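# Fold and geometry: a report
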Amino acid sequence: MTDQPTETRDQSLRELLGGRRGAVDASIPPAVFVVAWLVSGRSIGWAAAAAIVAGVAVGIWRLARGKRVTASVASVAAVSLAAFVALRTGRAEDFFLIQLLSNVASALAWALSILIRWPLLGVVVGLVLGQKTRWRRDPDLVRAYGNASWVWVLGQYTVRVVVFGLLWWSGWVVALGVARVVLSWPLVAATLAASAVVLRKSLPQTHPGLRHPRP
């Protein structure tokens, strides 16, 4: 009875952001941008073009692996928008500005969701498991999802905001590229593991698990 719920929790959390492979894919265009920026003599135009090409290539690769068209289009759009911002401002570090702002928005959204007792971790896992909002009728699950969601707020989004913000403010383009890679799948994996532990510890031992909300 105890082993099965634990397996289910970990599996659900691993599916949350598409796993390590999705995070690795997302870090490729920023890495290409920085490399192209250095190789081209700090040309934002060449770096932006290289990043967009890399984003399109990653999108095509995702489609070939059976990923959703909307996810691939969204990733290409995000890279294109980041490239446009950098071209518009003439500052290479602004390629990472969209990433910084998106993490600010994510931190605020996740924190607010916990305060109003609609923790986003529960919302996402509930959708993955096909439960919709049935988990909200279970006070133990609401509390557990809320506790585990704080791991995402503080351990992932806030960390990214602080690191990206300081590096962006300092104009350290190469360091931003390195941070973008380091704070992608390694941080996602650590956050998933930590939130899985918090989720498991927050549920009573007699609870049947994430797949079985109880009123």
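Remember, predicted model here, so these are calculated numbers, not experimental data.

## A look at a nonpolar patch on the surface
On the surface, a nonpolar cluster with roughly 580 Å² of combined accessible area is contributed by Val35, Leu38, Val39, Val174, Val178, Val181 and Val182. When residues of the nonpolar patch are traced back to their parent elements, those giving at least two are α2 (19-39) and α8 (173-182). Considering each element in turn, the nonpolar patch owes the most residues, 4 residues, to α8. Note that valine 174 resides in helix α8.

## So, the environment of glycine 146
Relative to the assigned elements, glycine 146 resides in helix α7 (residues 139-170). Given the relative accessible area of 8%, glycine 146 is considered buried. Between the C-alpha atom of glycine 146 and that of isoleucine 116, which follows or precedes it by 30 residues, the distance is 9.8 Å. For glycine 146, the contacting residues outside a window of four places in its chain are Ile114 and Pro119.

## With respect to unusual backbone geometry
In this structure, arginine 42 is a non-glycine residue whose phi angle is positive, near 65°. Judged by relative accessible area, which is 60%, arginine 42 ranks as exposed.

## Describing the packing of α7 against helix α9 (residues 185-202)
Close contact between α7 and α9 brings their axes to 8 Å; oriented N to C, the two are set at 160°. Classed by the angle they form, the pair α7 and α9 counts as roughly antiparallel. Crossing hand, α7 versus α9: right-handed. The segment α7 lies against α9, with Arg143, Ala144, Tyr145, Asn147, Ala148, Val151, Trp152, Gly155, Gln156 and Arg160 engaging Leu187, Val188, Thr191, Leu192, Ala194, Ser195, Val198, Leu199 and Ser202. For the contact of α7 with α9, the class distribution of residues is 11 nonpolar, 6 polar and 2 charged.

## Considering helix α6 (residues 120-128)
Along α6, the residues classified as buried are Leu121, Gly122, Val125 and Gly126. Projected down its long axis, α6 shows its buried positions confined to an angular sector of 125°, all on one face.

## Re the packing of α6 against α7
The N-to-C vectors of α6 and α7 enclose an angle of 105°; their axes lie 7 Å apart at closest approach. Relative to α7, the element α6 lies roughly perpendicular. Along the contact surface, α6 presents Leu120, Leu121, Gly122 and Val125, while α7 presents Tyr145, Ala148, Ser149 and Trp152. For the contact of α6 with α7, the class distribution of residues is 6 nonpolar, 2 polar and no charged.

## Some remarks on the packing of aromatic side chains
Under the definition given, this model contains 8 aromatic pairs. A centroid spacing of 6.3 Å and a plane angle of 85° characterise the contact between phenylalanine 33 and phenylalanine 96, whose relative ring orientation is edge-to-face. Remark: phenylalanine 96 occurs in the loop between α4 (69-89) and α5 (97-115) and phenylalanine 33 occurs in helix α2; sequence separation between them is 63 residues. The pair phenylalanine 33 / phenylalanine 96 is uniform in exposure class, with both members buried. Taken together, a centroid distance of 5.4 Å and an interplanar angle of 80° make the contact between phenylalanine 95 and phenylalanine 96 edge-to-face. Phenylalanine 96 matches phenylalanine 95 in its accessibility class, with the two residues each being buried. Aromatic rings pair up to connect Phe33, Phe95 and Phe96 into one cluster.

What counts and what doesn't
- Residues numbered from 1 in each chain as written.
- Predicted model: local features only at pLDDT ≥ 70, side-chain atom pairs only at ≥ 80, totals over all residues.
- Heavy atoms only, no water.
- Patch = residues over 30% accessible without salt bridge, like charges linked within 9 Å, V, L, I, M, F, W, Y side chains within 5 Å.
- Areas by Shrake-Rupley, 256 points an atom, 1.4 Å probe, with all protein chains shown as cover.
- Salt bridge = Lys/Arg side-chain N within 4 Å of Asp/Glu carboxyl O.
- Helix = DSSP H or I, 4+ residues; strand = E, 2+ residues; numbered from the N terminus.
- Buried < 20%, exposed > 50% of the residue type's maximum accessible area, 1.4 Å probe, protein only.
- Contact = heavy atoms within 4.5 Å.
- Axes fitted to C-alpha atoms, helices over the stretch in contact; angles between N-to-C directions.
- Parallel < 35°, antiparallel > 145°, perpendicular 65-115°, else oblique.
- Left-handed = near helix turned anticlockwise from the far one by under 90°.
- Nonpolar A, V, L, I, M, F, W, Y, C, P; charged D, E, K, R; others polar.
- Arc of directions from axis to C-beta.
- Phe/Tyr/Trp six-rings, centres within 6.5 Å; stacked < 30°, edge-to-face > 60°.

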